[in-house]
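Overview (structure and organization)
What follows is the residue order along each chain.
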Amino acid sequence: MEHFNIILAICRMAAQTPSKALITQMTRLKKSLEEQGALKEAQALAKVIEGSSIEEKLVPSRLTLSKAQLDREEQLIKTIKPPVDKESGNPLAEIIIPDHKITKPLFDVKFDKALDLLIREWSLTEELKSQNINTPMSCLIYGAPGTGKTKTAFYIANQLKLPVIIAKLDGLISSFLGTTARNISNLFEFAKRHNAILLLDEFDAIAKLRDDPHELGEIKRVVNTLLQCIDSRAGNGYTIAITNHEKLLDTAVWRRFDSRIYVPKPNQQTRNRILEQYLGARYPEPVIEFLNWLSEDFSGADIEALCNNIIRQSILSSEKKNIIDQVRNYIQLNSDMVALGKKSLILGDNDELAFALMSNSNANFNQDMLAALFEKDKSTISRWLRKVKSVSHEK
């Protein structure tokens, strides 16, 4: 049959949002092909019809939703395709279905309580709306890289049992004039049709200051479109934006978000919890305390990488090495991760490092812990401390 491949492609696209009328017409076409002896073509169309029938059962045209959500929203499933950039064909978003195994990132107690409050508000949207209380439905999460911002967004989605539409920058941003703004509009229109959280990661890439002298007029068009889209989604769907560079954001963009959450680097207590989570019973308390001291300015992701490095060394090394040697190896491969003062101490003499740990008011070391850490007896540790203290007095 001439041009059948084109017809088949049209049927496949139409089958993404199937209806009884569509399936009826495709079935008629299949029957006609069989009568003409075009069995190969009929079989290809039959597969499309079979998939459409299944999808029709899974994708209702209407859902009973919270009053704060649009009644035209549809359930988002894996088979639904996101919009694409017309020039490149790159998808504008990726659809991620919640994984119920997602665990809550480790934060300090104050931040933890604030996050729980936000999730509770979003989960009780309908109840609040019934009492004429507007629920904030947009959130900007910002902070240093590796602090758990993206994990937080997925944890929120998991708690609300909502899929995530995560924007893909390689699809959104285009070199063609006006295309980026059009892609943003298409993305938001797609999000409006579905019951999901719209996640805008690396948000600063599309929400830069409009008075940036290094940008052309196109950025103004993009930000203006973005502002209009955020306004149109307000109260109609959940939106989370994430950035590592909050100072680059246009001030008008800031005001569009009901909640603005700063994710801090982990404090001493939180670092301890993260270290215990990854190292568990592998290492005793003195090692955990030492790594806590070492990772004072680390993000959660940095601490995870440090723990993984140490565990790999323990598995791969042909000879047993204590934690001090393992950390020295880590620093040699990740020189920029550790503060210069601490790096000099660790790469220097053991006695000076032991004295620094003992003298640090933020650490909880005693001679017994230092003996276990350096795998020396207490008399050796005492001698080290006296020696360094004597030299310090002479200076």
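This one's a predicted model, so the numbers in the text were calculated from it and none came from an experiment.

**Looking at the overall build of the protein chain**
- Secondary structure assignment for the protein chain yields 18 helices and six strands.
- For a compact globule of 395 residues, the expected C-alpha radius of gyration is about 21 Å, and the protein chain comes in at 29 Å, more than 25% above that figure.
- Dimensions along the principal axes, computed over C-alpha positions, put the protein chain at roughly 100 × 50 × 45 Å.
- Classification of the 395 residues of the protein chain by burial places 45% in the buried group.
- In the protein chain, the share of contacts with a sequence separation of at least 24, taken over all contacts with a separation of at least 6, comes to 70%.
- Here the protein chain displays about 21,600 Å² of accessible surface, and carbon together with sulfur accounts for 50% of that area.
- Seen as two clouds, the 53 positive and the 50 negative side-chain charges of the protein chain have centres 2 Å apart.

**A look at the pattern of salt bridges**
- In the structure shown here, the tally under the stated rule is 11 salt bridges.
- Put simply, lysine 104 and aspartate 112 hold a salt bridge, and the shortest N to O gap is 3.2 Å.
- Linked through salt bridges whose partners overlap, the residues forming this network are Lys104, Asp112 and Asp116.

**Topic: the packing of aromatic side chains**
- One pass over the structure, following the stated rule, counts seven aromatic pairs.
- Note on tyrosine 142 and tryptophan 254: the rings are 5.2 Å apart at their centroids and 70° apart in plane angle, and the pair reads as edge-to-face. Of this pair, tyrosine 142 sits in strand β2 (residues 138–142) while tryptophan 254 sits in helix α10 (residues 251–255), placing them 112 residues apart in sequence.
- Ring plane angle 50° and centroid distance 5.6 Å describe the contact between tyrosine 142 and tyrosine 262, whose orientation is recorded as tilted.

**Focus: the packing of helix α12 (residues 285–294) against helix α17 (residues 367–374)**
- Between α12 and α17, whose axes approach to 8 Å, the crossing angle comes to 90°. By the angle between their axes, α12 is roughly perpendicular relative to α17. Residues Glu285, Pro286, Val287, Glu289 and Phe290 of α12 form the contact with α17, whose participating residues are Met369, Ala372 and Leu373.
- Per-class residue counts for the contact of α12 with α17 are six nonpolar, no polar and two charged.

**What to know about the nonpolar core**
- If you look at the biggest cluster of nonpolar residues, it comprises 36 residues, and the most contacted ones within it are Phe290, Leu291, Ile323, Val327, Leu357, Leu373 and Phe374.
- The biggest single contributor to this core is α12, with six residues.
- Once you skip the residues sitting within four places of it in the chain, valine 327 turns out to touch Phe290, Leu291, Leu294, Ile310 and Ile346.
- Counting 34 residues, the second largest nonpolar core, distinct from the first, contains Ile165, Leu187, Ala207 and Ala241.

**Digging into the pairing of strand β3 (residues 164–167)**
- Judged by which residues are buried, β3 turns out to be covered on both faces: Val164 and Ile166 on one side and Ile165 and Ala167 on the other are all buried.
- As defined by bridge partners, strand β1 (residues 93–96) adjoins β3 across four bridges and the pair is classed as antiparallel. Across the sheet, glutamate 94 pairs through a bridge with isoleucine 166, a residue of β3.
- Looking at chain direction, β3 and strand β4 (residues 197–200) are connected through three bridges and run parallel. Paired with isoleucine 165 across the bridge in β4 is leucine 198.

**Considerations on the sheet that holds β3**
- The strand order across the open sheet built from six strands is β1-β3-β4-β5-β2-β6, with neighbouring strands paired in mixed fashion. The two strands at the open ends of the sheet, each matched to only one other strand, are β1 and β6 (259–262). Across the sheet, the axes of successive neighbouring strands diverge by a mean angle of 20°, strand direction being ignored.
- Along the sheet, helix α6 (residues 149–160) contacts β1, β2, β3, β4 and β5 (238–243); its crossing angle with β5, the most-contacted strand, is approximately 165°.
- The sheet strands contacting helix α8 (residues 179–192) are β1, β3 and β4, and the helix crosses β4 at an angle near 155°.

**A short note on unusual backbone geometry**
- The phi angle at asparagine 132 is positive, at roughly 60°, despite the residue not being glycine.
- Looking at the element boundaries, asparagine 132 is found in the loop between α5 (125–130) and β2.
- Positive phi outside glycine occurs at lysine 161, with the angle close to 55°.
- One can find lysine 161 in the loop between α6 and β3.

**What to know about α12**
- α12 sits mainly inside the fold: nine of its 10 residues count as buried.
- Against the buried residues of α12 lie α11 (268–279), α13 (300–316), α14 (323–333), α15 (340–347), α16 (350–359) and α17.

**Here we look at the packing of α16 against α17**
- The geometry of α16 relative to α17 is characterised by a closest axis approach of 11 Å and an angle of 140° between their N-to-C directions. You can see that α16 and α17 cross each other, and the crossing is right-handed. Residue-level inspection shows Asn350, Leu353, Ala354, Leu357 and Met358 of α16 in contact with α17, the latter providing Gln367, Leu370, Leu373 and Phe374.
- When the residues that make up the contact of α16 with α17 are grouped by side-chain class, the tally is seven nonpolar, two polar and no charged.

**Examining the state of the cysteines**
- Evaluated as defined, the whole model comprises zero disulfides.
- Just so you know, cysteine 139 is unpaired, no disulfide at all, and the nearest cysteine sulfur is the one on cysteine 229, 19 Å from it.
- Overall, cysteine 229 belongs to the buried group, its relative accessible area being 8%.

Cut-off values and rules
- Residues numbered from 1 in each chain as written.
- Predicted model: local features only at pLDDT ≥ 70, side-chain atom pairs only at ≥ 80, totals over all residues.
- Heavy atoms only, no water.
- Helix = DSSP H or I, 4+ residues; strand = E, 2+ residues; numbered from the N terminus.
- Rg over C-alpha atoms; globule rule 2.2 N^0.38 Å.
- Buried < 20%, exposed > 50% of the residue type's maximum accessible area, 1.4 Å probe, protein only.
- Contact = heavy atoms within 4.5 Å.
- Areas by Shrake-Rupley, 256 points an atom, 1.4 Å probe, with all protein chains shown as cover.
- Lys, Arg positive; Asp, Glu negative; His and termini not counted.
- Charge placed at Lys NZ, Arg CZ, Asp CG, Glu CD.
- Salt bridge = Lys/Arg side-chain N within 4 Å of Asp/Glu carboxyl O.
- Phe/Tyr/Trp six-rings, centres within 6.5 Å; stacked < 30°, edge-to-face > 60°.
- Axes fitted to C-alpha atoms, helices over the stretch in contact; angles between N-to-C directions.
- Parallel < 35°, antiparallel > 145°, perpendicular 65-115°, else oblique.
- Nonpolar A, V, L, I, M, F, W, Y, C, P; charged D, E, K, R; others polar.
- Core = buried A, V, L, I, M, F, W, Y, C linked by side-chain atoms within 4.5 Å.
- Pairing = 2+ DSSP bridges.
- Left-handed = near helix turned anticlockwise from the far one by under 90°.
- Disulfide = S-S within 2.5 Å.

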